[in-house]
Amino acid sequence: MGAEEEGEYVGSGSFRVDRSAALEKLAEFQYPSPKYCILSLLRCATMSGASKFQLRGLWSVGQINGFELSFDGRPFDAAALNDPY
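## Digging into the overall build of the protein
Here's step 1: Along its length, the protein carries three helices and two strands.
Here's step 2: Listing the helices and strands of the protein from first to last along the sequence gives α-α-β-β-α.
Here's step 3: Dimensions along the principal axes, computed over C-alpha positions, put the protein at roughly 65 × 40 × 30 Å.
Here's step 4: If you take every contact in the protein between residues at least 6 apart in sequence, the share linking residues at least 24 apart comes to 32%.
Here's step 5: Put simply, the protein shows about 8,100 Å² of open surface, and 55% of that area lies on carbon and sulfur atoms.

## Some details on the pattern of salt bridges
Here's step 1: Applying the stated criterion to the full structure yields two salt bridges.
Here's step 2: Among the salt bridges present, the one from Lys-25 reaches Glu-28, with a minimum N-O distance of 3.4 Å.
Here's step 3: Among the salt bridges present, the one from Arg-56 reaches Glu-68, with a minimum N-O distance of 3.4 Å. Residue Arg-56 is located in strand β1 (residues 53-60), and its partner Glu-68 is located in strand β2 (residues 63-71); the two are separated by twelve residues in the primary sequence.

## Observations concerning the pairing of β2
Consecutive side chains along a regular strand alternate between the two faces of the sheet.
Here's step 1: Pairing of β1 with β2, which is carried by eight bridges, proceeds in the antiparallel orientation. Bridged to Leu-58 within β2 is Gly-66.
Here's step 2: Where β1 folds back on β2, the antiparallel hairpin that results is connected by two residues, among which Val-61 adopts a positive phi of roughly 50 degrees.

Rules behind the numbers
Residues numbered from 1 in each chain as written. Predicted model: local features only at pLDDT ≥ 70, side-chain atom pairs only at ≥ 80, totals over all residues. Heavy atoms only, no water. Helix = DSSP H or I, 4+ residues; strand = E, 2+ residues; numbered from the N terminus. Contact = heavy atoms within 4.5 Å. Areas by Shrake-Rupley, 256 points an atom, 1.4 Å probe, with all protein chains shown as cover. Salt bridge = Lys/Arg side-chain N within 4 Å of Asp/Glu carboxyl O. Pairing = 2+ DSSP bridges.

Here you go:
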């Protein structure tokens, strides 16, 4: 292996992302089962700086009907919640 080459600055600018095309692409990497959505929620907890979290099952007639996740991190601001993309 050779040494890494140094990058060369050639300019700056901006670009736009087509939201529908991006969502189609993201769908290719979707979790195989809804039960894995907890991973995304734990990622949110981590991004908020949480030092601990609590996961509680919501039971109904002997089976889990949902769950509740709480954590001690910073709350997300309205802009982040209104447009998560």
